[in-house]
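One letter stands for each residue in the lines below.
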Amino acid sequence: RDTAAVYLELARAALVRTPPDSVTLDQIASKIARYQFWIGQHEAGARTLDLVRNPDETRYTVAEWGSSTFSNLTARRLRELANLVARPSVRDQVFLRIIAGYLLVDRASPADVAWASALADSIGTRGPQTEARNLLAYHTLKRGDSAAARSAFAAALPPGAPPSPYPGGTPELGLEQAGGR
């Protein structure tokens, strides 16, 4: 891991020294950050994420953050690391990762669900915000509270905008599954 960390830091330094066009820089920086996260170099990865100008290029990297056996991340630690991410739209992706990967798991405690709800409310970027609210609504439906789930799905519907794509389903689909519409 130490050798990999050195090579990744050298790659990041070379990228900063001679930046290619914006799209290429975003793709390479995101990939470097992903590998830094993979080997547990979380602070370095967060700094590298800040090089990415287009937040769409960070979605996969952030969604996978903490999935390596080297990471040893907890929800609280990842929340601390989110503070290192300068761009609010990317930080919102990190909040979504905390909600999806750490808080709304099977047998989540009421405290974790409450934290997930508060974190979802703090997300300001429309896509991650809709996805977080959608996850909360599905979690409520899974617990068997269809009335609360209907309300949550209705609240997750973005006003006047097409729904955000989410692998677990859209708020519209969830609303139907909860007996609404």
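Structure: see above.
The structure reproduced in this document is the subject of the present report. (Residues numbered from 1 in each chain as written. Predicted model: local features only at pLDDT ≥ 70, side-chain atom pairs only at ≥ 80, totals over all residues. Heavy atoms only, no water.)

**Some details on helix H5 (residues 75-82)**
- Turning to H5, its buried residues are Ala75, Leu78, Leu81 and Ala82. Within H5, the buried residues cover an arc of 120 degrees as seen down the axis, which keeps them to one side.
- Summarising the contacts, the buried residues of H5 are in contact with helix H3 (42-49), helix H6 (88-103) and helix H7 (110-122). (Buried < 20%, exposed > 50% of the residue type's maximum accessible area, 1.4 Å probe, protein only. Helix = DSSP H or I, 4+ residues; strand = E, 2+ residues; numbered from the N terminus. Arc of directions from axis to C-beta. Contact = heavy atoms within 4.5 Å.)

**Focus: the nonpolar core**
- Residues Leu49, Trp65, Leu78, Val94, Ile98 and Ile99 are the most contacted members of the largest nonpolar core, which totals 31 residues.
- For this core, the leading source of residues is H6, giving eight residues.
- Those residues in contact with Ile98 that sit more than four places away from it in its chain are Ala75, Leu78, Arg79, Leu103 and Leu119.
- Residues Leu8, Leu25, Ile32 and Val52 belong to the second largest nonpolar core, which totals eight residues. (Core = buried A, V, L, I, M, F, W, Y, C linked by side-chain atoms within 4.5 Å.)

**Here's the deal with the environment of Trp65**
- Structurally, Trp65 can be placed in the loop between helix H4 (59-64) and H5.
- For the pair Trp65 and Leu78, spaced 13 residues apart in sequence, the C-alpha separation works out to 8.8 Å.

**Points about H7**
- Relative to the 18 Å expected for 13 residues at 1.5 Å per residue, H7 spans 19 Å between its end C-alpha atoms, a close match to the ideal helical length.
- Those residues of H7 that fall on the buried side of the exposure criterion are Val113, Trp115, Ala116, Leu119 and Ala120. Buried residues of H7, seen end-on, are gathered within an arc of 160 degrees and therefore sit on one face of the element. Structural note: H7 exposes Pro110, Ala111 and Asp121 on the side pointing more than 90 degrees away from its buried face.
- Looking at the buried side of H7, the elements it contacts are H5, H6 and helix H8 (126-142). (Expected span 1.5 Å × (residues − 1).)

None of this, on its own, says anything about what the molecule does.
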